[in-house]
Amino acid sequence: MRRLPGDACAAVHTRQMHERQIDRLRAAAHEARQMHWAPYSRYMVLAAVETADGRLYGGSNVEAANLTLTKHAEEVALLCALADGATSRLGRQWLKTVYVTAGQLSPPCGGCRQMLWEFADPDCLVICDTMDGDHSPLVMALTQLLPHPFGPENFGL
Ligand code: THU
Ligand code: ZN
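Read on for a plain summary of the structure.

The relation between two aromatic rings is expressed through the spacing of the ring centres and the mutual angle of the planes. Here the structure, examined in full by the defined rule, presents 2 aromatic pairs. Centroid distance Phe150 to Phe155: 6.1 Å. Interplanar angle 75°. Geometry classified as edge-to-face.

Have a look at this one:
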């Protein structure tokens, strides 16, 4: 297939934009190391969420000794954005991007996918990365990870 020069430029531009965006999200997630607490699993997960107005919030997993009350990194990042007024500023579907990094590629668990969907833009992207940067990050739509979701739509919201 013949490629137009314009197409090639657009592709490079898009890739660079993604890389810059991923770098910002990675930095926000790594800042959340300061709240990390996982002495039981010793499995560090760091996350960041990006709002529709470009703000970034980081989170890490926080475990409890009874093991059942653990908070997941994605959930903590989401709650930080909510605490800073994301919904009142932007309306319900403010969540544009979710970034998650761990020792190995760790997509958000089913519970996190459901919680993220509550505030997600329909085109929300999920980026899964590794701490050592050995793999290139996986970029997926949240709707790929949570097809046919049950959510606010079921209540007409
Ligand atoms: N974990 C997360 O932070 N997010 C997920 O969606 C999957 C699991 C954390 C919880 C626990 O502290 C550790 O990973 C091992 O399950
Ligand atoms: Zn989870």
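For the rest of this paragraph, the subject is the site of ligand 1. Every residue close to ligand 1 is listed here: Ser41, Tyr43, Val45, Asn61, Glu63, Thr70, His72, Ala73, Glu74, Pro108, Cys109 and Cys112. A distance of 2.9 Å is found between an oxygen atom of ligand 1 and a side-chain nitrogen or oxygen belonging to Asn61. The protein chains hide 79% of the 370 Å² of surface that ligand 1 would expose on its own. Residue classes in the shell around ligand 1 are distributed as 6 nonpolar, 4 polar and 2 charged.

Summarising the element assignment, Gln93 is placed in the loop between helix 3 (86-90) and strand 3 (95-102). Residues within four places of Gln93 in sequence aside, it is in contact with Phe119, Ala120, Asp121 and Pro122.

This brings us to the packing of helix 2 (residues 73-83) against helix 4 (residues 110-117). Remark: helix 2 packs on helix 4, axes separated minimally by 9 Å, with the N-to-C direction vectors making an angle of 20°. One finds that helix 2 runs roughly parallel with respect to helix 4. Our pair here, helix 2 against helix 4, has a crossing hand that is left-handed. Two secondary-structure elements touch here, helix 2 through Glu74, Glu75 and Leu78 and helix 4 through Cys112, Met115 and Leu116. In terms of residue class, the contact of helix 2 with helix 4 is built from 4 nonpolar, no polar and 2 charged.

This brings us to helix 2. For the α-helix, the turn length of 3.6 residues means that residues three or four positions removed from each other point alike. Listing the buried residues of helix 2 in full gives Ala73, Glu74, Val76, Ala77, Leu78 and Ala81. In this structure, the buried residues of helix 2 make contact with strand 1 (45-51), strand 2 (56-60), helix 3, strand 3 and helix 4. Where helix 2 terminates, the next one or two residues include Gly85, which has phi positive at roughly 90°.

Conventions adopted
Residues numbered from 1 in each chain as written. Chains lettered and ligands numbered in written order. Predicted model: local features only at pLDDT ≥ 70, side-chain atom pairs only at ≥ 80, totals over all residues. Heavy atoms only, no water. Phe/Tyr/Trp six-rings, centres within 6.5 Å; stacked < 30°, edge-to-face > 60°. Near = heavy atom within 4 Å. Polar contact = N/O pair within 3.5 Å; in protein donor to acceptor, adjacent residues only side chain to side chain. Areas by Shrake-Rupley, 256 points an atom, 1.4 Å probe, with all protein chains shown as cover. Nonpolar A, V, L, I, M, F, W, Y, C, P; charged D, E, K, R; others polar. Helix = DSSP H or I, 4+ residues; strand = E, 2+ residues; numbered from the N terminus. Contact = heavy atoms within 4.5 Å. Axes fitted to C-alpha atoms, helices over the stretch in contact; angles between N-to-C directions. Parallel < 35°, antiparallel > 145°, perpendicular 65-115°, else oblique. Left-handed = near helix turned anticlockwise from the far one by under 90°. Buried < 20%, exposed > 50% of the residue type's maximum accessible area, 1.4 Å probe, protein only.

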